[in-house]
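Breakdown of the fold
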Amino acid sequence: MDKRCIGIDIGPAHLRAAQILGTPDGFRIEKVFGTATRRASDSLPEIIRSLFTDHGFDRRAEVAVSMPHEAVFFRNVQTDGAGLEQLRRGDWTALENSFPIAPDEVIAQVCSSSKCADGKYSVLTAAVSKTSLDEMQEMLGGAHIHSRLFEAPVFAFLLALAVNNPRIKGGRATVVYFYDACLTLAVIAGNDVRMVRNIPITMPSKSKADLVQALARTIASEIRLTWHKAFAEAIDQDAEVFLLINTGESDSLQPLVESNLNCRVTIPTSLFGVDSLAGRQPGFSYYVAEGLALRVLAPA
């Protein structure tokens, strides 16, 4: 049976939405909408309501919404089998001081786990505060909608990327996503996300060429650091880096990052696993919104 979902990506300076139709034959992007939200007068509930009143989005569709980057905290911990089961049951006693959130405010989950050589487990966990989640639900209430899913942006764009590049599931890779002055790095091994880091980036006031050089150095340095944290070894030439950068300078960054790291750097195309809207490719800026919708339509 056909089913629709609307993914709504809410960033610090933007709102983007994508409506995707799921059918027995696959998925189709039906509508996309994006706007800046930098002005004090911009009202998120009003913008969301306008999706249905002014832009033709289907009010009957299910909705999935991203949590802000700064509201989601990731931690890697090592534990034994009993500790892993404790975390999976929702007992976060062992991690109550691991997040910058009061213990009675923590809403957390296990994102992935992998067995280490010493028999212990490396576990990626994520948490948000009840207050931040309540604030998001209250805002959506002002728009007269209910969200089926609240998700960290990183998992939404990783799903969109996996639809576009299935080979990412086969080996070890780093995904770099840079939007709204936040650099997100995710290290992948097979089907597991091993580590996630959200890094605020302040771009220097330089010429465009110098800015690209500085950004390439920063990206390469952070990739090396994150890779070493995830695998306890240096990144090698068999690794792959997926570069999703919304600066208009991706083509200039790619060879610079590739040269710095001495490994393959790929700039993915827009989603070809999902039919685009009337031949239009929405592009990287809609990866989060598209991934949110796909998370609901195809949870497997």
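In this numbering scheme, every chain counts its residues from 1 along its sequence in written order. Local features are withheld for residues below a pLDDT of 70 in this predicted model, meaning they are given only at 70 or higher, and side-chain atom pairs are given and counted only at 80 or more; totals for whole chains, interfaces and linings count all residues. To obtain the side-chain values, all non-hydrogen atoms of the structure were included, while hydrogens and water were left out.

Further remarks concern the nonpolar core. By size, the foremost hydrophobic cluster in this structure holds 63 residues, and its most contacted members are I8, I48, F74, V154, L158 and V175. When checking whether two residues touch, look at their non-hydrogen atoms; a contact exists if any pair is within 4.5 Å. Beyond its immediate chain neighbours, meaning those up to four positions away, V175 contacts F157, L158, L161, I168, T184, L185, A186, I188, F242 and L244. Residues belong to one nonpolar core when they are buried, are Ala, Val, Leu, Ile, Met, Phe, Trp, Tyr or Cys, and are joined through side-chain atoms within 4.5 Å. Classification of residues uses two cut-offs on accessible area relative to the type maximum, computed with a 1.4 Å probe and protein chains only: under 20% is buried, over 50% is exposed, and between them is partly exposed.

Right, let's talk about the confidence of the model for the chain for a bit. On a range of 0 to 100, pLDDT expresses the predictor's confidence in each residue. Across the chain, the average pLDDT comes to 87, with 92% of residues at or above 70. Numbering goes from the N terminus for both helices and strands, where a helix is a DSSP run of H or I of at least four residues and a strand is a run of E of at least two. Within the chain, strand β4 (residues 62-66) carries the highest mean pLDDT (97), whereas helix α6 (residues 250-261) carries the lowest (86).

What follows is about the pairing of strand β11 (residues 192-200). Pairing between two strands requires that DSSP report at least two bridges joining them. Across eight bridges, strand β10 (residues 182-189) lies against β11 in antiparallel orientation. Looking across to β11, one finds that I188 is bridged to V193. Counting the residues that bridge the hairpin from β10 to β11 gives two residues, and of these G190 lies at a positive phi of roughly 65°.

Moving on, we come to helix α1 (residues 44-53). Turning to α1, its buried residues number three or more, namely P45, I47, I48, S50, L51 and F52. Of the surrounding secondary structure, the elements contacted by the buried residues of α1 are β1 (3-10), β2 (14-23), β3 (26-36) and α3 (130-142).

A word on the sheet that holds strand β13 (residues 264-266). Sheet strands pair by backbone hydrogen bonding; their relative direction is either parallel or antiparallel. If you walk across this open sheet you meet the five strands as β11-β10-β9-β12-β13, and the pairing is mixed. The open sheet is flanked by β11 and β13, the only strands paired with a single partner. Taking the axes of each pair of neighbouring strands and ignoring which way they run, one obtains an average angle of 20° across the sheet. Strands β9 (172-179), β10, β11 and β12 (240-245) of the sheet are contacted by helix α4 (residues 153-164), whose axis makes an angle of about 60° with β10. For helices, the fitted line uses only the C-alpha atoms of the stretch in contact; every axis is such a line through C-alpha atoms, and the angle between N-to-C directions lies from 0 to 180 degrees.

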